[in-house]
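Each chain, written out:
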Amino acid sequence: MKKVLMAEYLEYNSDFKVGNHHYAEMFAQNGYEVLWLSPVYNYMTKIIDKKLYNQRKKLNKKKFKQIDKNIFGYSPYSVVLYGKLPLLDTKFANKMSIKLTIPNLNRSLRNNNFHNVDILWLTNPKYYYLTKMIKYKKLIYRCADDVSEFNQMCKTISYFEEQIIKDADEVFVTAHSLLEKKKHLRNDLIYLPNGVELNNFVRDRYVMPKEFENNMSKKCIYVGAIDHWFNIELVKKCVENLKDIDFYFIGPVKIDLSPLKEYKNVYILGKKDYKDVPNYLYYSDVSIIPFEVNALTDSITPIKLYEYMSVGLSVVSTNFKEMKYINSPAYVAKNYDEFCNSIIKAIDNKERDRSKNIEFAKENTWEKRFEKIQKYI
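Given the structure is predicted, the values throughout are model-derived calculations rather than measurements. Positions within a chain are numbered from 1, following the residues in the order the chain's sequence is written. In view of the model being predicted, local features appear only for residues whose pLDDT reaches at least 70, and side-chain atom pairs are presented and counted only at 80 or more, with totals across whole chains, interfaces and linings using the full set of residues. Side-chain measures were taken over the full set of non-hydrogen atoms in the model, leaving aside hydrogen atoms and water.

Thoughts on the pattern of salt bridges
Spelled out, the test is: Here, a salt bridge means any side-chain nitrogen of Lys or Arg that lies within 4 Å of a carboxyl oxygen of Asp or Glu. Only protein chains enter the calculation, and the probe is 1.4 Å; a residue is then buried if its accessible area is under 20% of its type maximum, exposed if over 50%, and partly exposed in between.
In this structure the tally under the stated criterion is 18 salt bridges. Across the pair Lys-183 and Glu-180 runs a salt bridge whose closest N-O atoms are separated by 3.0 Å. Assessed through its relative accessible area of 49%, Lys-183 is described here as partly exposed. Where Asp-285 meets Lys-350, a salt bridge forms, and the shortest distance between an N and an O atom there is 3.0 Å.

Some points on the sheet that holds strand 5 (residues 116–122)
Test applied: Only when DSSP finds a minimum of two bridges between them are two strands counted as paired. Strands here mean DSSP runs of E at least two residues long; helices mean DSSP runs of H or I at least four residues long; both are numbered from the N terminus. Contacts are assigned to residue pairs that have any heavy atoms within 4.5 Å of one another. For every element, the axis is a line fit to its C-alpha atoms; helices are fit only across the contacting stretch, and the angle between N-to-C directions ranges from 0 to 180 degrees.
Taken together, the eight strands give an open sheet; going across it, the order is 3-4-2-1-5-6-7-8, and neighbouring strands pair in mixed fashion. Taken across any chain shown, the strands that pair with only one partner, and hence form the sheet edges, are strand 3 (65–68) and strand 8 (190–191). Of the strand pairs in this sheet, strand 1 (residues 2–7) and strand 2 (residues 32–37) are connected by six bridges, and their pairing is parallel. When the sheet's bridge partners are listed, Ala-7 is paired in strand 2 with Leu-37. Across the face of the sheet, helix 1 (residues 19–29) comes into contact with strand 1, strand 2, strand 4 (71–74), strand 5 and strand 6 (135–143) while running at roughly 155° to strand 2.

Some words on the packing of helix 9 (residues 232–241) against helix 14 (residues 336–348)
Filter applied, for reference: Throughout, the term roughly parallel applies to angles under 35 degrees, roughly antiparallel to angles over 145, roughly perpendicular to angles from 65 to 115, and oblique to all others. Crossings are assigned a handedness: left-handed for a near helix turned anticlockwise from the far helix by less than a right angle, right-handed for a clockwise turn. By the convention adopted, Pro, Cys, Tyr, Trp, Phe, Met, Ile, Leu, Val and Ala count as nonpolar, Lys, Arg, Asp and Glu as charged, and the other residues, Gly among them, as polar.
Between helix 9 and helix 14, whose axes approach to 10 Å, the crossing angle comes to 50°. Comparing their axes, helix 14 and helix 9 come out oblique. Where helix 9 crosses over helix 14, the two elements pack in a sense that is right-handed. Within the contact between the two elements, helix 9 uses Glu-233, Leu-234, Lys-237, Cys-238 and Asn-241 and helix 14 uses Tyr-336, Asp-337, Phe-339, Cys-340 and Ile-343. A breakdown of the residues in the contact of helix 9 with helix 14 according to their chemical character gives six nonpolar, one polar and three charged.

Brief notes about the pairing of strand 9 (residues 218–223)
Residues in a regular strand project their side chains so that they alternate between the two faces of the sheet. Within strand 9, five of the six residues are buried, which leaves it mostly tucked inside the rest of the structure. Pairing of strand 9 with strand 12 (residues 286–289) involves two bridges; the strand directions are parallel. When the sheet's bridge partners are listed, Ile-221 is paired in strand 12 with Ser-287.

Observations regarding the nonpolar core
In plain terms, the rule: For this analysis, a nonpolar core means a set of buried residues of the types Ala, Val, Leu, Ile, Met, Phe, Trp, Tyr and Cys, connected via side-chain atoms within 4.5 Å.
Grouped together as the largest cluster of nonpolar side chains are 60 residues, with contacts concentrated most on Tyr-222, Phe-247, Phe-249, Leu-281, Leu-305 and Ile-343. The contact partners of Leu-305, leaving out residues within four places of it in the chain, are Ile-289, Val-315, Met-323, Ile-326, Ser-328, Ala-330 and Phe-360. Leu-5, Val-40, Tyr-127 and Leu-185 belong to the second-largest nonpolar core, a separate cluster that totals 44 residues.

Thoughts on helix 14
Owing to its 3.6 residues per turn, the α-helix aligns residues three or four sequence positions apart on the same side. Threshold: Each residue after the first adds 1.5 Å to the expected span of a helix. The arc refers to the directions leading from the helix axis to the C-beta atoms. Here a polar contact means two N or O atoms within 3.5 Å. Within protein one must be a hydrogen donor candidate and the other an acceptor candidate, and residues neighboring in sequence count only if both atoms are side-chain atoms.
For helix 14, built from 13 residues, the straight-helix expectation of 18 Å at 1.5 Å per residue is met to within 8% by its first-to-last C-alpha distance of 19 Å. Buried within helix 14 we find Phe-339, Cys-340, Ser-342, Ile-343, Ala-346 and Ile-347. Down the axis of helix 14, the buried side of the element spans an arc of 160°, and every buried residue falls inside it. Its side-chain oxygen at 3.2 Å from the backbone nitrogen of Asp-337, Asn-335 defines the N-terminal cap of helix 14.

A short note on the environment of Ile-255
Among the structural elements, Ile-255 can be located in the loop between strand 10 (245–250) and helix 10 (258–261). Ile-255 sits in the partly exposed class, given a relative accessible area of 22%. Ile-255 sits 27 residues away from Tyr-282 along the chain, and the two C-alpha atoms are 27 Å apart.

Concerning unusual backbone geometry
Note that the residue after Ile-102, namely Pro-103, is joined by a cis bond; omega there is -5°. As for its position among the elements, Pro-103 is in the loop between helix 4 (91–99) and helix 5 (105–111). Positive phi, close to 65°, is recorded for Asn-214, a residue that is not glycine. If you trace the backbone, Asn-214 turns up in the loop between helix 8 (198–201) and strand 9. Look at Asn-214 and you get exposed, because its relative accessible area is 81%.

Section: the packing of aromatic side chains
Put simply, the rule is: What counts as a ring pair is set by centres within 6.5 Å for rings of Phe, Tyr and Trp (its six-membered ring), and what kind of pair is set by the plane angle: stacked under 30 degrees, edge-to-face over 60, tilted for all other angles.
Counted by the stated rule, this structure contains 30 aromatic pairs. An angle of 80° between the planes, with centres 5.3 Å apart, marks the rings of Tyr-23 and Trp-366 as edge-to-face. Taken as a pair, Tyr-23 in helix 1 and Trp-366 in helix 16 (residues 366–376) lie far apart in primary sequence, 343 residues in all. Owing to a relative accessible area of 1%, Trp-366 belongs among the buried residues under this scheme. Ring plane angle 90° and centroid distance 5.0 Å describe the contact between Phe-27 and Phe-370, whose orientation is recorded as edge-to-face. Here Phe-27 is found in helix 1, whereas its partner Phe-370 is found in helix 16, with 343 residues between them in sequence.

Written out as structure tokens, the structure is:
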């Protein structure tokens, strides 16, 4: 059986299901054994995030743990943790974080037959030194974000990303702005945006969420991380101006949402299981992507756009750069007033827009994205 080692930022069972989760499944379904390599951890991780520490500790086994069909998981424990701290945000610290693992990472990979793989798939540039450690037939880098725009990223991470981009056999980027930013490193970058898992979202039967029961108001929904890219002021204006519409927010909250909690038409539901999300979407009237417009959001293709539309739901979005290229049926607003008005318009046109939203989603599945990947590997 062919093998692919995927070096990642997130856990396989993380709160988010992002592109590489879907690609891991695609590889597993197409004749590959997959190793999902979670980030390096140590006791400093426990201080910062105990839950994350425990997740990674459970994966630090002599025999790699099977976490899905043909998919195995492992997280290396290291004496040194490369991170955004004095002395640890250096090239040397990153190298040591890979070399000083307990047990030795190279030996663990060899003992589990992942020291010589068909594909080394890098998403996390912190794993650059894997390219010097193991044998592979193809090195692939998937650039899904502008790492330099994340506050928590190491200053030296850009160095490792540049080295990987130069060395890789193929580089996939998910947004046109990433094409522009990385083209000085090579001229054969491959544009490959995000997609949707139709099998999870398109169903014969949906179940009304308990939070929606006995509520006859129109429902506007947001699903995803609520972090510093989430425009609270924009949402607040919509909530104030559209008092006859109920606003539901699903996802882990990383910022202060107290400015929204005083409104009776706001419901902050927290995290929901990935398999339950389609029910919330199906019984909503409109969906939103209220992102700040900046260098970070200009470099993303929102997975939620495709997921919203897969059930026929119309989308109202701010005008971050990639929305100009996606050519979707979404309502793209240039200012706060237009965003609020577009929510009303999308609800009014709900039935008219349903079929074109669904067709757009069908043309942008992870299966179609993987077909393109296969042409290069």
